[in-house]
Amino acid sequence: MPTAGADATRLTRSEKTEPLLVVEDLKTYFQTPNGLVKAVDGVTLSVERGKTLGVVGESGSGKTVLSRSIMRLNTAGNVITHGSVTYNGEDLLAKSPRQMRDIWGVEMAMVFQDPMTSLNPVVKVGRQMTEHIRHHLGVSKKDARDTAVELLRSVRIPEPEARFDNYPHEMSGGMRQRVCIAIALACGPKMLFADEPTTALDVTVQHQILNLLGQQQVDRFMTMIMVTHDLGVVAGRTDEIAVMYAGKVVEKAPTKQLFADMRHPYTEALLRSIPKIDDPKHTKLSAISGRPPDLINPPSGCAFSPRCPYAQPQCFTDTPPLGAAPTPGHQYACWFPVGSPEGKDAWDKNLEAKRPQTMAAAGLVNATEELAAGAVVGG
Amino acid sequence: MAGSGKAHLRPSDETLLRVEDLTVEFPVGGGDVVHAVSGISFDIKRGETLGLVGESGCGKSTTGRAILQLPRPTSGSVYLDDQNLASLKDEEMRQKRTDLQMIFQDPVSSLNPRRAVGEIVAEPLEVWGPKDKGQQWDKVSVMLDAVGIDPDVARFKHPHEFSGGQCQRISIARALVMEPELIICDEPVSALDVSVQAQILNMLEELKAKYGLTLVFIAHDLAVVKNISDRVAVMYLGKMCEVSESDELYSNPAHPYTQLLLTSIPLPDPLVAIDRELQVDEGLPSPINPPSGCRFRTRCPYADDICSRVEPQMRRVTDDHFVACHHPLIDVDEVEVTLNT
Ligand SMILES: Nc1ncnc2c1ncn2[C@@H]1O[C@H](COP(=O)(O)OP(=O)(O)OP(=O)(O)O)[C@@H](O)[C@H]1O
Ligand SMILES: Nc1ncnc2c1ncn2[C@@H]1O[C@H](COP(=O)(O)OP(=O)(O)OP(=O)(O)O)[C@@H](O)[C@H]1O
Ligand code: SF4
Ligand code: SF4
Ligand SMILES: [Mg+2]
Ligand SMILES: [Mg+2]
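Here the structure is a predicted model, which is why all the values come from computation and not from measurement.

Here's the deal with the sheet that holds strand β7 (residues 191-195) of chain A
All names here are of chain A. As summarised here, the arrangement of the eight strands in space is β6-β7-β8-β3-β9-β10-β12-β11, forming an open sheet in which the pairing is mixed. The open sheet terminates on both sides in strands that have one partner only, identified here as β6 (108-111) and β11 (323-324). Direction of pairing for β11 relative to strand β12 (residues 331-332): antiparallel, over a ladder of two bridges. Note that in β12 the partner of Ala324 across the bridge is Gln331. Of the strands in this sheet, β3 (52-56), β7 and β8 (223-228) touch helix α9 (residues 203-220), which is tilted by about 160° from β8.

Here's the deal with the environment of Lys252 of chain A
Residues and elements named next belong to chain A. Mapped onto the elements, Lys252 comes out in strand β10 (residues 248-254). Residue class for Lys252 comes out buried when judged on its relative accessible area of 5%. Along the primary structure Lys252 and Pro341 are separated by 89 residues, whereas in three dimensions their C-alpha atoms are 21 Å apart. For Lys252, the residues in contact, after removing those within four places along its chain, are Leu45, Ser46, Leu53, Glu240, Ile241, Ala242, Gly329, His330 and Gln331. At 3.2 Å, the side chain of Lys252 and the backbone oxygen of Ser46 are in polar contact.

Focus: the nonpolar core
Of all hydrophobic cores here, the largest spans 66 residues; its most connected members are Leu21, Ile70, Met108 and Ile225 of chain A. Considering each element in turn, this core owes the most residues, six residues, to strand β2 (residues 35-47) of chain A. Here this core spans two domains, since at least three of its residues come from each of domain 1 (1-107 + 191-260) and domain 3 (262-370) of chain A. Residues in contact with Leu21 of chain A, not counting those within four places in the same chain, are Leu45, Ser46, Val47, Ile70, Val85, Thr86, Tyr87, Met108, Met191 and Ile225 of chain A. Among the nonpolar cores identified, the runner-up in size contains 63 residues, and Ile183, Val189, Ala219 and Leu222 of chain B belong to it.

Digging into the domain arrangement of chain A
Residue and element names in this part refer to chain A. We note that the domain assignment places domain 1 (1-107 + 191-260), domain 2 (115-188) and domain 3 (262-370) within chain A. For domain 1 and domain 3, the distance between their C-alpha centres works out to 26 Å. In this complex, domain 1 contributes 27 residues to the contact, which on the side of domain 3 involves 24 residues. At the boundary of domain 1 with domain 3, the tally comes to one salt bridge. Across the pair Glu58 and Arg307 runs a salt bridge, and its minimum N-O distance is 3.0 Å. The interface formed by domain 1 and domain 3 includes 13 residue pairs in polar contact (both at pLDDT 80 or more). Sorting the residues of the side of domain 1 that touches domain 3 by element identifies β2, β9 (240-245), β10 and α11 (255-260) as the ones contributing at least two each. The dominant element in the side of domain 1 that touches domain 3, judged by the number of residues it contributes, is β10, at seven residues. Residue composition of the side of domain 1 that touches domain 3, grouped by class: 15 nonpolar, six polar and six charged.

Quick look at the packing of aromatic side chains
All names here are of chain A. Under the counting rule described, the total for this entry stands at seven aromatic pairs over all chains. Ring geometry for Tyr245 and Tyr266: centres 4.6 Å apart, planes at 55°, overall tilted. Taken together, the positions of Tyr245 in strand β9 and Tyr266 in helix α12 (residues 265-273) put the pair 21 residues apart, joining distant regions of the chain. Residue Tyr266 is classed as buried on the basis of its relative accessible area, which comes to 0%. On the basis of an interplanar angle of 70° and a centroid distance of 5.3 Å, the ring pair of Tyr266 and Phe304 is categorised as edge-to-face.

So, the environment of Val323 of chain B
Residue and element names in this part refer to chain B. Looking at the element boundaries, Val323 is found in strand β12 (residues 321-324). Note on Val323: relative accessible area 0%, which makes it buried. Remark: the alpha-carbon pair of Val323 and Ser244, spanning 79 residues in sequence, is separated by 8.3 Å.

Looking at the packing of helix α5 (residues 125-137) of chain A against helix α6 (residues 141-154) of chain A
Residues and elements named next belong to chain A. Between α5 and α6, whose axes approach to 9 Å, the crossing angle comes to 120°. Considering the angle they form, α5 stands oblique to α6. In terms of crossing hand, the pair formed by α5 and α6 is right-handed. When α5 is examined against α6, the residues Met129, Thr130, Ile133 and Arg134 are found in contact with a partner set consisting of Lys141, Ala144, Arg145, Thr147, Ala148, Leu151 and Leu152. Tallied by class, the residues present in the contact of α5 with α6 amount to six nonpolar, two polar and three charged.

What about the interface of chain B and chain A?
On the side of chain A, 56 residues touch chain B, which itself brings 56 residues to the contact. Between chain B and chain A, a total of about 4700 Å² is buried, with carbon and sulfur atoms accounting for 58% of that surface. Our count for the contact surface shared by chain B and chain A stands at two salt bridges. Between Lys281 of chain A and Glu245 of chain B there is a salt bridge whose closest N-O contact spans 2.5 Å.

Considering the pairing of strand β1 (residues 21-32) of chain A
Residue and element names in this part refer to chain A. Two strands pair when backbone bridges link them, and β1 and β2 are joined in this way by 10 bridges, in the antiparallel orientation. Counterpart to Leu26 in the pairing with β2 is Val43. Where β1 hands over to β2, the hairpin turn is made up of two residues, counted between the paired strands. Pairing analysis gives eight bridges linking β1 to strand β4 (residues 79-87), with the strands arranged antiparallel. From the neighbouring strand, Thr28 faces β4, where its bridge partner is Thr81.

What counts, and at which threshold
Position numbers for residues start from 1 in each chain and track the written sequence from start to end. Whichever chain is written first is A, and whichever ligand is written first is 1; the rest continue in order. Side-chain atom pairs in this predicted model are given and counted only at pLDDT of 80 or more, local residue features only at pLDDT of at least 70, and totals for whole chains, interfaces and linings cover all residues. Working from all heavy atoms in the structure, the side-chain values ignore hydrogens and water. Strands qualify as paired when DSSP identifies two bridges or more between them. Helix and strand definitions here come from DSSP, where helices need a minimum of 4 consecutive H or I residues and strands a minimum of 2 consecutive E residues; each element is numbered from the N-terminal end. Working rule for contacts: check all heavy atoms of both residues, and any pair within 4.5 Å makes them a contact. Interaxial angles span 0 to 180 degrees and are taken between N-to-C directions of axes, which are lines fitted to C-alpha atoms, for helices over the stretch in contact. Buried, partly exposed and exposed residues are distinguished by accessible area as a fraction of the type maximum, computed with a 1.4 Å probe on protein chains only: under 20%, between the cut-offs, and over 50%, respectively. N or O atoms within 3.5 Å of each other form a polar contact, as long as, within protein, one can give a hydrogen and the other can take it, and as long as residues adjacent in sequence are counted only when both atoms are side-chain atoms. Among the buried residues, those of types Ala, Val, Leu, Ile, Met, Phe, Trp, Tyr and Cys that are joined through side-chain atoms within 4.5 Å form a nonpolar core. An automatic or database domain assignment supplies the residue ranges for each domain. By convention in these notes, a salt bridge is any Lys or Arg side-chain nitrogen within 4 Å of a carboxyl oxygen on Asp or Glu. When residues are sorted by character, Ala, Val, Leu, Ile, Met, Phe, Trp, Tyr, Cys and Pro go into the nonpolar class, Asp, Glu, Lys and Arg into the charged class, and all the rest, Gly among them, into the polar class. Centre distance within 6.5 Å is the pairing criterion for rings of Phe, Tyr and Trp, where only the six-membered ring of Trp is used; planes under 30 degrees apart are then read as stacked, over 60 as edge-to-face, and the remainder as tilted. Geometric relationships in this document are graded by angle, where less than 35 degrees denotes roughly parallel, more than 145 denotes roughly antiparallel, 65 to 115 denotes roughly perpendicular, and other angles denote oblique. Handedness of a crossing is defined here by the sense of rotation of the near helix relative to the far one, left-handed for an anticlockwise turn of less than a right angle and right-handed for a clockwise turn. Buried area, as used here, totals the accessible surface that two parts lose on assembly, with accessibility defined by a 1.4 Å probe and the loss added over both.

This is how it looks when you write it as structure tokens:
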């Protein structure tokens, strides 16, 4: 590979043990005519070198804004950002836009959901790649071309010399996403953000793109944040998962731990609501009542309380902090966690009181009642 | 016969819809033709849900629209009960369309933003239903109620005042208000958030039981399709690969393409091993110039000489499981079953 990635063996000891990225109490608010949108509302997380963090959550939970905030890509005039982002020991939020330009591509890069929006439709893909490479690495035209062709080969595009002269529309969706990955990898970034990199693709293509990302990550010892709404995508491909709800991380755990012992009612609801391929046809799904929260006027207390099957009076007034579970690396923000005696009591109490959200989660109501429950709680 | 066989069709007196040798071609510039759907056959019993799956561009939406004669297919027949829709005159077809309704992927853009919800749901009635506004509203409010929308609250509100999931429920109410024989759902939950998907799927199941609905359910998510369908048809590049009762298809796929789809699904379980083998992206074959013989052969690990020369025909695996492949993954009847109609 002509471009150098990070190499685990070259790191000093403190570099090996310190996380590459540390985010502390990050807040990103947008000023809008309707009020302040609290898109990211106090996120704390860290990612260790060479590891993959999955960020999951429903639409609007703040996944994209979070990753763009970390990379300082939220440039709109209506943004307010607070908190700290430490990358490789440096405070990113203190950097000037000029300094950030030296970090983009070389230190951190991003792969977006829709390759068509990140590729220029009227410029041949090869030229888009060489411009990017020359801009960041300052190499000759010839070297940039060789590098680009090598990159296309490394992302498994057949006949890369010929494909070099294709326009984006002459390629399949999967090929275009491979090109985007190649561009993101061109300057050997140490950290890669992949924001729903396969959501627009067919499952067979998705599978291959995820394999490609995984392999490139190992080869280059990259650190990765993979954003998705699909728990299936992160299950087999991440070391850790952060679950977001209403701009906050509500649970974070090593991947296997999360699936084996999830504590947050939202994580549980998310997993239960998706149809499973192994369930027989017509299996009744456990729906989440109500609607996603309003980020301008979020519910008081726990943001999930209007929809939560476990909610108790305390939940509507007190915001639960992200606290540590007994197992290392596992954190959750909930007063009545799943699998705890308090959680079980809360569930039983709600079931006895016929709380619609609990009845829906338990599959004890029909769909119309389920929807009516949503109307009551969600407006 | 250019099609892929009809061994999987059931006696015509048992089915509500019967599609035979359906072909849809779109002329594009330079004398080229997009072979969007190429001689497919399938049927649906009354009260049944048929799932239609396959990757983007394989012809699912084109098939759904061709049932409604939108546009009219290049060739082939579409029988609703005994009537061949392809032979109806335009005016007769317009009348018939009240029996056939379609629900689209993007609920928000399929609802007129300038009209109130009460009017939107009443739209089909304005042309074909009772002329009396009071009678119309009675029907509309029953349907809104059935999809979990409070009729009195929603009546004078506009679509933008509702969430995506609610808009999809409103468009379902609109489809139901004419009491159609068949509803074609084209990716009705694909644009919805995972947390809302389950509500819609549960609701469709219930409406189906309540009103005896017959559904064609188009989607690319195999788990969603399995959940809602009685029978599933797998399409690839304008052709039918495999048709089967749902549970059987997912536990015993016979077509290499179905198997590829199933092994590609990311499972929400970190303990399941993933095949991490890297493959070169050859690109997908083009519907303008589809491969000869079996259209899947350029991606099929089992392809051999016969696959490039002879198009595979539908053959029986079990009574309710059929596959069009020269080298299926499970044994099939060697003798081709032909059905007299
Ligand atoms: N520039 C902006 N101005 C105002 N609000 C914004 C802006 N950008 C994002 N938001 C809001 O911030 C919230 C979080 O959005 P974000 O795109 O991060 O969600 P997401 O979790 O990535 O969702 P999806 O799964 O749909 O991509 C949303 O409510 C969104 O409408
Ligand atoms: N009006 C048209 N003119 C030309 N080509 C068309 C037209 N409509 C569809 N096609 C082509 O026909 C093929 C089948 O398209 P269709 O929309 O039916 O696929 P699909 O299976 O519904 O895909 P998706 O999952 O992306 O919705 C595609 O190659 C498409 O580009
Ligand atoms: S139990 Fe209470 S704190 Fe926990 S998720 Fe539910 S509402 Fe929030
Ligand atoms: S007919 Fe041949 S190429 Fe087609 S799916 Fe079967 S084995 Fe593969
Ligand atoms: Mg996003
Ligand atoms: Mg379609």
